Amino acid sequence: MQQLPVLPYSLDSLSPVIDAQTMALHHGKHHQAYITKYNAAVENTPFENQRVSTVLKNLDAVPDAIRQTVRNNGGGHVNHSFFWTILTSNPEDNTPQGDIVEHICRCFGAFDQFKNAFANAALNQFGSGWAWLVMSETAELSVMATPNQDCPVMTNHIPLLGLDVWEHAYYLTYQNRRLDYINAFWNIINWAQISHYYTVARRGFDSSFLV
Ligand code: MN3
């Protein structure tokens, strides 16, 4: 049985970048709904007790009857569980830090070029989806976007940073202004946590920090 993770901060602590009502609905209603539907789909199947990200890596093994439900709602659970942990109101944690900074500069040419690539991916994702910074099995860092709740693990990438660009993530504060939401996002990224994830991923392509 998957369970809703407890947020590591209060609902209002990311305000004004993400308002408390959005956090309450996004975490308590949207994320919970993905979990409820996922649990119902995998109940009494061999997938019930597997790590969800492991199930997503091998969706072909999931029966046709529940595969799309598992993909959408399992992806929603993995993505949101990860997303909550890479946000912070602490300015020290918001400072890019650790070996990942140098690695980003090496892969993108400069940190600002990475930020531009990430923002473009987030802005240009048509409809609902996510923008990601990911690591490949050969330890390349790149930016990608995924539609709906598709998770980078489905294409054998480990997410290190992600931004939810579904309207439910930003509409109450930003309405149609997705670019304003993307620009504000940089102020609440938890680079201390991401640096930790990077260290784990770099050591043996390990994504065990995902649910
Ligand atoms: Mn969402």
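Since the model is a prediction, treat every value here as computed from it, not as a measurement.

Reading the values: rules and limits
- Along each chain, the written sequence defines residue order, and numbers are assigned to residues from 1.
- Restriction of local features to residues with pLDDT of at least 70 applies here, the model being predicted, together with a cutoff of 80 or more for giving and counting side-chain atom pairs; totals for whole chains, interfaces and linings are based on all residues.
- Side-chain figures throughout are based on the complete set of non-hydrogen atoms in the structure, without hydrogens or water.
- Counting from the N terminus, the helices are DSSP H or I runs at least four residues long and the strands are E runs at least two residues long.
- The reference for a compact globule is 2.2 Å times residues^0.38; the radius of gyration itself is calculated from the C-alpha atoms.
- When checking whether two residues touch, look at their non-hydrogen atoms; a contact exists if any pair is within 4.5 Å.
- Positive charges are assigned to Lys and Arg, negative charges to Asp and Glu, while His and the chain termini are left out of the count.
- Lys charges are placed at NZ, Arg charges at CZ, Asp charges at CG and Glu charges at CD.
- In the analysis that follows, any N or O atom pair within 3.5 Å is treated as a polar contact, provided that within protein one partner can donate a hydrogen and the other can accept it, and provided that, for residues neighboring in sequence, both atoms belong to side chains.
- Accessibility here uses a 1.4 Å probe with only protein chains present; expressed as a share of the type maximum, an area under 20% marks a residue as buried, one over 50% as exposed, and anything in between as partly exposed.
- What the arc describes is the spread of directions from the helix axis to the C-beta atoms.
- To define a nonpolar core, start from buried Ala, Val, Leu, Ile, Met, Phe, Trp, Tyr and Cys residues and group those joined through side-chain atoms within 4.5 Å.
- Each domain's extent is set by a domain assignment, obtained either automatically or from a database.
- Any Lys or Arg side-chain nitrogen located within 4 Å of an Asp or Glu carboxyl oxygen qualifies as a salt bridge.
- Metal donors were taken as nitrogen, oxygen and sulfur atoms no farther than 2.8 Å from the ion, or 3.2 Å where the ion is Na, K or Ca. Water is excluded, so coordination may look unfinished.
- We define buried area as the total accessible area lost by two parts upon association, computed with a 1.4 Å probe and summed across both.
- Here the term charged refers only to Asp, Glu, Lys and Arg, the term nonpolar to Ala, Val, Leu, Ile, Met, Phe, Trp, Tyr, Cys and Pro, and the term polar to all other amino acids, Gly among them.
- Whether two aromatic rings pair depends on their centres lying within 6.5 Å, for rings of Phe, Tyr and Trp, where Trp uses its six-membered ring; planes under 30 degrees apart make the pair stacked, over 60 edge-to-face, and the rest tilted.

Moving on: the overall build of the protein. Broken down by element type, the protein carries 9 helices and 3 strands. For the protein, the C-alpha radius of gyration of 16 Å lies close to 17 Å, the compact-globule estimate for 211 residues. The C-alpha extent of the protein, read off along each of the three principal axes, is 45 × 40 × 30 Å. Put simply, 70% of the contacts in the protein that link residues at least 6 apart link residues at least 24 apart. Positive and negative side-chain charges of the protein, numbering 12 and 18 respectively, have mean locations separated by a distance of 3 Å.

In this structure, His 80 sits in helix 3 (residues 64–85). A distance of 2.7 Å separates a polar side-chain atom of His 80 from the backbone oxygen of Gly 76. If near-sequence neighbours (up to four positions away) are discounted, His 80 is found in contact with His 26, His 31, Tyr 34, Trp 130, Gln 149, Asp 164 and His 168.

Buried within helix 5 (residues 99–108) we find Ile 100, His 103, Ile 104 and Phe 108. One face of helix 5 carries all of its buried residues, which in axial projection span an arc of 110°. For helix 5, exposure combined with an orientation more than 90 degrees from the buried face picks out Asp 99 and Arg 106. Buried-residue contacts for helix 5 involve helix 6 (111–124), strand 1 (129–135), strand 2 (141–147), strand 3 (158–164) and helix 9 (191–202). Gly 109 sits one or two residues past helix 5 and shows a positive phi near 95°.

Let us look at the nonpolar core. Grouped together as the largest cluster of nonpolar side chains are 65 residues, with contacts concentrated most on Leu 87, Phe 114, Leu 160, Leu 161 and Phe 185. Counting only domains with at least three residues in this core, you end up with domain 1 (20–85) and domain 2 (99–202). In contact with Leu 161, other than residues within four places in its own chain, are Phe 82, Ile 86, Phe 114, Phe 118, Ala 131, Trp 132, Leu 133, Phe 185, Trp 186, Ile 189, Trp 191 and Ile 194.

This part is about the pattern of salt bridges. Pairs can form between side chains of opposite charge whenever their charged atoms are close. What the rule picks out here adds up to 4 salt bridges. For Asp 180, the salt bridge identified is with Arg 177, shortest N-O distance 3.2 Å. On the accessibility criterion, Asp 180 (37% relative accessible area) is partly exposed.

What follows covers the coordination of the manganese ion. The protein atoms that coordinate the manganese ion are His 26 (NE2), His 80 (NE2), Asp 164 (OD) and His 168 (NE2), at distances of 1.9 to 2.1 Å. On the primary sequence, the residues serving as donors to the manganese ion are separated as H-x53-H-x83-D-x3-H. Taken together, the residues His 80 in helix 3 and His 168 in the loop between strand 3 and helix 7 (171–174) connect sequence positions 88 residues apart. Residue His 168 is classed as buried on the basis of its relative accessible area of 18%.

Moving on, we come to the domain arrangement of the protein. Domain parsing of the protein yields domain 1 (20–85) and domain 2 (99–202). Summarising the inter-unit geometry, the C-alpha centres of domain 1 and domain 2 are found 20 Å apart. The largest share of the area that domain 1 buries against domain 2 comes from Asn 79, Phe 82 and Phe 83, three residues that together contribute 34% of it. Counting across the interface, domain 1 meets domain 2 through 1 salt bridge. A salt bridge links Asp 150 to Arg 71, with the shortest nitrogen-to-oxygen separation between them at 2.9 Å. In this structure, the connection of domain 1 to domain 2 is made through 8 residue pairs in polar contact (both at pLDDT 80 or more). If you list the elements that add at least two residues to the side of domain 1 that touches domain 2, you get helix 1 (20–42), helix 2 (52–57) and helix 3. Looking at the side of domain 1 that touches domain 2 element by element, the count peaks at 10 residues for helix 3. Tallied by class, residues from the side of domain 1 that touches domain 2 come to 7 nonpolar, 11 polar and 2 charged.

Tallied over the entire structure, the rule returns 18 aromatic pairs. Aromatic side chains Phe 114 and Trp 191 sit 6.3 Å apart centroid to centroid with 75° between the ring planes, which places their arrangement in the edge-to-face category. On the criterion of sequence distance, the pair formed by Phe 114 in helix 6 and Trp 191 in helix 9 is long-range, its members being 77 residues apart. Judged on exposure class, the residue Phe 114 and its partner Trp 191 are both buried.

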